[in-house]
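Report on the structure
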2 protein chains.
Amino acid sequence: MKAHQRKLDIKNGCIDLSHGSGGRAMSQLISGLFHEAFGNEWLARGNDQSAFDVGGGRMVMTTDGYVVSPLFFPGGNIGSLAVHGTVNDIAMAGARPLYLSASFIIEEGFRFSDLKRIAESIGEAARVAGVYIITGDTKVVERGKADGLYISTAGVGVLTDGLDLSAEKARVGDRVLISGTLGDHGVAIMSKRQNLAFETDVVSDSASLHDLVAEMVAAGRKGIRLMRDPTRGGFAATLNEIAHQSGVGFRLQEETIPVKPAVAAACELLGLDPLYVANEGKLVAIVSPDVAEGVLAAMKAHPLGRDSADVGEAVADDHHFVQMTTSFGGGRIVDWLSGEQLPRIC
Amino acid sequence: MKAHQRKLDIKNGCIDLSHGSGGRAMSQLISGLFHEAFGNEWLARGNDQSAFDVGGGRMVMTTDGYVVSPLFFPGGNIGSLAVHGTVNDIAMAGARPLYLSASFIIEEGFRFSDLKRIAESIGEAARVAGVYIITGDTKVVERGKADGLYISTAGVGVLTDGLDLSAEKARVGDRVLISGTLGDHGVAIMSKRQNLAFETDVVSDSASLHDLVAEMVAAGRKGIRLMRDPTRGGFAATLNEIAHQSGVGFRLQEETIPVKPAVAAACELLGLDPLYVANEGKLVAIVSPDVAEGVLAAMKAHPLGRDSADVGEAVADDHHFVQMTTSFGGGRIVDWLSGEQLPRIC
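Everything quoted here is computed from the prediction, not taken from an experiment. (Residues numbered from 1 in each chain as written. Chains lettered and ligands numbered in written order. Predicted model: local features only at pLDDT ≥ 70, side-chain atom pairs only at ≥ 80, totals over all residues. Heavy atoms only, no water.)

A few points about the overall build of chain A
- Within chain A, the secondary structure is distributed over nine helices and 14 strands.
- The C-alpha radius of gyration of chain A comes to 21 Å, within 12% of the 20 Å expected for a compact globule of 346 residues.
- Principal axes of the C-alpha set define a box for chain A whose edges measure 70 × 50 × 35 Å.
- Going through the 346 residues of chain A one by one, you find that 63% of them count as buried.
- For chain A, the proportion of contacts with a sequence separation of at least 24, taken over those separated by at least 6, is 86%.
- When the accessible surface of chain A is split by element, carbon and sulfur atoms take 48% of a total near 12500 Å². (Helix = DSSP H or I, 4+ residues; strand = E, 2+ residues; numbered from the N terminus. Rg over C-alpha atoms; globule rule 2.2 N^0.38 Å. Buried < 20%, exposed > 50% of the residue type's maximum accessible area, 1.4 Å probe, protein only. Contact = heavy atoms within 4.5 Å. Areas by Shrake-Rupley, 256 points an atom, 1.4 Å probe, with all protein chains shown as cover.)

Below, the structure is given as structure tokens:
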């Protein structure tokens, strides 16, 4: 059918309701924009699902919705963020990410040119991570019913070596490792949102961490209890969740926690605590003391883990508190916030 | 932590931004509402991903976003619809659905009581289908940035017997089977949306079709070319897609196509053609002529396929047209609509 070959006017065109209708316009959008940006042999078959072979064993599955505002920010956009976030949730189980799905909910009037940039970022992030977007869906809602674009991604991966990392596995005496500076992503978003001009531009740390995880697993396999990427709610929320689920407390040393000076300055300006600010390219690992040094060395040897640090330990505490010895030698409880700190940070 | 046991006020409470923050309020929402409705051993572990064992072989993955308006409609709601739709996309590959993920994007101010009804429908639909929601995500956006609630589900399943159904596999001479009456879902939604009072209440056909598919595969295995669930764009869009992807045409007999009288009447009133109206519990199967009779008998023997019919055949046509002999003996081309017929029908 000739109509299939009609080109989208990507420079000037916009999404309208027909692009979510299941008809010809949707088909044109999918082939003319999404397949151009992240097409592959699976998507090319044009089915509502895709098949792939697995060798048997244990797999992991994850999903995340992305509602970040603004859609474009220093260091990435909602598309790359969606790939990195889903890859990382798979990687945190110690699994190798394989295949992703992408569900787009798009507001009428959204510019094709912006959609193309986002789709290309998805393609690029997937290529870098070595994963494929093998199935997807597009829905369009009326003007005013979404804030531009939301993306939900899901992903599957394989666990090849019998790892069973899980939130209840932290034990008293375990070390707390983090893979780098805290708060970069959240501050990058907030600076863009509020049009603040910081002296140093802070860029999101959004990145795929599965290679880093593979190095860590190679170095400390049996001793790694669990890993988490401290996104919404930041490092503080992540540690509180783990404390609760494992039935331990944590004691941190503030002076060991890496925070970029520009992020620290921005947080002070914005009234934020970097411990609560989202990261999108960092991980927290709880490891047994005997492997901590080896795992930390492996982390530091990886480009995405250069600023890794051992920042504290799991302790016996019936209250499951996260406590921190401050740089001045005092102590504070790092509670999780019960309210909202930074909405729509991811 | 005591705060964890604090009860949500489900009767009177609403979603606020804190329920998407990654903090304590989100944790309460997840354990107090979602886990109550569709919890299981995987969700109970509280990780950002879940692991499961597979026997090896071929798997399928799919995703869909749900933006249906209204959220509650005769015969279901957005929750049951999301499960049925994802189960069906897996089933259309001839695969057995196993595990689903669910990503919720919720508007600030959304009532807990409505969310609970939706979550319970997810739980019920999953139980009936024999699948598990093993991982999920919750995001909250500000008032006015979503129309209540959007859900994106993804799912995985296993292909156990070497089937490779795909949209390019229709061949000239193949029969076109449909599993029942067309247009029920779309008309149920439109009647509710427009507050129309039809003489007979039309109810959505939303249902999981994997059992029906298993019976069909058992009856006609080698001869089944492909299956599709004709959702958005209806039967017409589905057949046009298949025609295009397989490089054939189709010729249909209008008098063989089952449409409920109430649906036909409503469509006339609304100016719609049932061929273009969405279905959520029907499938189209393209099968080789030698197995058509056996597969059709298997369909009719299943509760969800009682009104199944053989409605036409694939023909040689360089234009890939879908043509129909009308009940009056005339002919028409069933083109796919290039615009939007029924926005947000699923």
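Resuming the write-up.
Quick word on the relation of the copies chain A and chain B
- Overlaying chain A on chain B yields an RMSD of 0.0 Å, the required transformation being a rotation through 180° with an accompanying axial translation of 0.0 Å. Look at the turn and shift together and you get a two-fold axis relating the two. Residue G56 of chain A of chain A places its C-alpha closer to the rotation axis than any other residue of that unit, at 1.6 Å. (Least-squares fit on C-alpha atoms with pLDDT ≥ 70 in both.)

Quick word on the sheet that holds strand β13 (residues 322-325) of chain A
Residue and element names in this part refer to chain A.
- Read across the sheet, seven strands follow the order β9-β11-β8-β12-β10-β13-β14 without closing on themselves; strand pairing throughout is mixed. Bordering the open sheet on either side are β9 (224-228) and β14 (331-333), each of which pairs with just one other strand. The sheet shows a mean angle of 25° between the axes of neighbouring strands, direction not considered.
- Pairing analysis gives three bridges linking β13 to β14, with the strands arranged antiparallel. From the neighbouring strand, T325 faces β14, where its bridge partner is G331.
- Contacts between helix α9 (residues 289-300) and the sheet are confined to β8 (175-178), β9, β11 (284-287) and β12 (309-315), with β8 contributing the most and set at about 10° to the helix. (Pairing = 2+ DSSP bridges. Axes fitted to C-alpha atoms, helices over the stretch in contact; angles between N-to-C directions.)

Regarding the sheet that holds strand β8 (residues 175-178) of chain B
Residues and elements named next belong to chain B.
- Taken in spatial order, the seven strands of this open sheet run β9-β11-β8-β12-β10-β13-β14, and their pairing is mixed. The open sheet is flanked by β9 (224-228) and β14 (331-333), the only strands paired with a single partner. Pairwise comparison of adjacent strand axes, ignoring direction, gives a mean angle of 25° for this sheet.
- Packing of helix α6 (residues 210-220) onto the sheet brings it into contact with β9 and β11 (284-287), and relative to β9 it is tilted by some 165°.

Thoughts on the interface of chain A and chain B
- Taken together, the 89 residues of chain A in the interface contact 89 residues of chain B.
- Together chain A and chain B conceal approximately 7100 Å² of surface at their shared face, both sides included; 50% is due to carbon and sulfur atoms.
- The tally of links from chain A across to chain B stands at 16 salt bridges.
- For D147 of chain B, the salt bridge is made with K145 of chain A, and the minimal N-O distance between the two is 3.8 Å.
- For the pair chain A and chain B, the number of links is 48 residue pairs in polar contact (both at pLDDT 80 or more).
- For the side of chain A that touches chain B, the secondary-structure elements that each account for two or more residues are α1 (24-38), β1 (50-54), β2 (57-66), β5 (96-107), β6 (132-141), β7 (149-159) and α7 (234-246) of chain A.
- At nine residues, β2 of chain A tops the list of elements feeding residues into the side of chain A that touches chain B.
- Partitioning the side of chain A that touches chain B into residue classes produces 33 nonpolar, 34 polar and 22 charged. (Buried area = accessible area lost by both parts, 1.4 Å probe. Salt bridge = Lys/Arg side-chain N within 4 Å of Asp/Glu carboxyl O. Polar contact = N/O pair within 3.5 Å; in protein donor to acceptor, adjacent residues only side chain to side chain. Nonpolar A, V, L, I, M, F, W, Y, C, P; charged D, E, K, R; others polar.)

Let's talk about the packing of α6 of chain B against helix α9 (residues 289-300) of chain B
Residues and elements named next belong to chain B.
- It is at 8 Å that the axes of α6 and α9 come closest, and there the two elements cross at 150°. Relative to α9, α6 is oriented roughly antiparallel. Two packed elements cross with a definite hand, and for α6 against α9 that hand is right-handed. Where α6 approaches α9, its residues L212, E215, M216, A219 and G220 are matched on the opposing element by V291, G294, V295, A298 and M299.
- Partitioning the contact of α6 with α9 into residue classes produces seven nonpolar, two polar and one charged. (Parallel < 35°, antiparallel > 145°, perpendicular 65-115°, else oblique. Left-handed = near helix turned anticlockwise from the far one by under 90°.)

Brief notes about the environment of L149 of chain B
All names here are of chain B.
- Along the chain, the position of L149 falls in strand β7 (residues 149-159).
- A relative accessible area of 0% means that L149 is categorised as buried.
- Sequence-wise, L149 and L212 are 63 residues apart; in three dimensions their C-alpha atoms are separated by 30 Å.

Some words on the UniProt feature "domain: PurM-like N-terminal" (unreviewed entry) in chain A
- Within the UniProt annotation, "domain: PurM-like N-terminal" (unreviewed entry) is assigned to residues 47-158 of chain A.
- The straight-line gap between the two end C-alpha atoms of residues 47-158 of chain A is 24 Å; of that span, 29% is helix and 46% is strand. (UniProt positions renumbered as here; feature names shortened; annotations may be inferred.)

Regarding α9 of chain A
Residue and element names in this part refer to chain A.
- Compared with an ideal rise of 1.5 Å per residue, which puts twelve residues at 16 Å, α9 spans 17 Å between its outermost C-alpha atoms and is within 8% of the ideal.
- Looking only at α9, the buried set comprises V291, A292, V295, L296, A298 and M299. Within α9, the buried residues cover an arc of 160° as seen down the axis, which keeps them to one side. Turned more than 90 degrees away from the buried face of α9 sit D290 and E293, all of them exposed.
- Tucked into the core, α9 has its buried residues touching β8, α6 (210-220), β9, β11 and β12. (Expected span 1.5 Å × (residues − 1). Arc of directions from axis to C-beta.)

Some details on the domain arrangement of chain A
Residue and element names in this part refer to chain A.
- Each assigned domain of chain A is listed with its residue range as follows: domain 1 (2-159) and domain 2 (175-333).
- Centre-to-centre, using C-alpha coordinates, domain 1 lies 29 Å away from domain 2.
- Domain 1 puts 19 residues into the contact, and the matching count from domain 2 is 19 residues.
- Buried surface at the junction of domain 1 and domain 2, summed over both partners, amounts to about 1600 Å²; 61% is from carbon and sulfur atoms.
- On the domain 1 side of the interface with domain 2, the three residues burying the most area are P74, N88 and M92, jointly 35% of the side's total.
- One can count zero salt bridges joining domain 1 with domain 2.
- One can count eight residue pairs in polar contact (both at pLDDT 80 or more) joining domain 1 with domain 2.
- Elements represented by at least two residues in the side of domain 1 that touches domain 2 include exactly β3 (72-73) and α3 (78-91).
- Of the residues in the side of domain 1 that touches domain 2, the class split is eleven nonpolar, seven polar and one charged. (Domains from an automatic or database assignment.)

Here's the deal with the side chain of N240 of chain A
- Its place among the elements puts N240 of chain A in helix α7.
- Within the local environment of N240 of chain A, its side chain forms a polar contact with the backbone oxygen of A236 of chain A, the two atoms lying 2.9 Å apart.

Some remarks on the nonpolar core
- Within the largest apolar cluster, 52 residues are counted, with the highest numbers of intra-cluster contacts made by L33, F34, F38, F104, L115 and L149 of chain A.
- Ranked by residues supplied to this core, first place goes to helix α4 (residues 112-129) of chain A with eight residues.
- The residue makeup of this core includes at least three contributed by each of domain 1 (2-159) and domain 2 (175-333) of chain A.
- The residues contacting F104 of chain A, other than those within four sequence positions of it, are F34, F38, I122, D137, T138, K139, L149, Y150 and I151 of chain A.
- Core analysis: the second largest hydrophobic core is formed by 51 residues, F110, A125, V131 and M190 of chain B among them. (Core = buried A, V, L, I, M, F, W, Y, C linked by side-chain atoms within 4.5 Å.)

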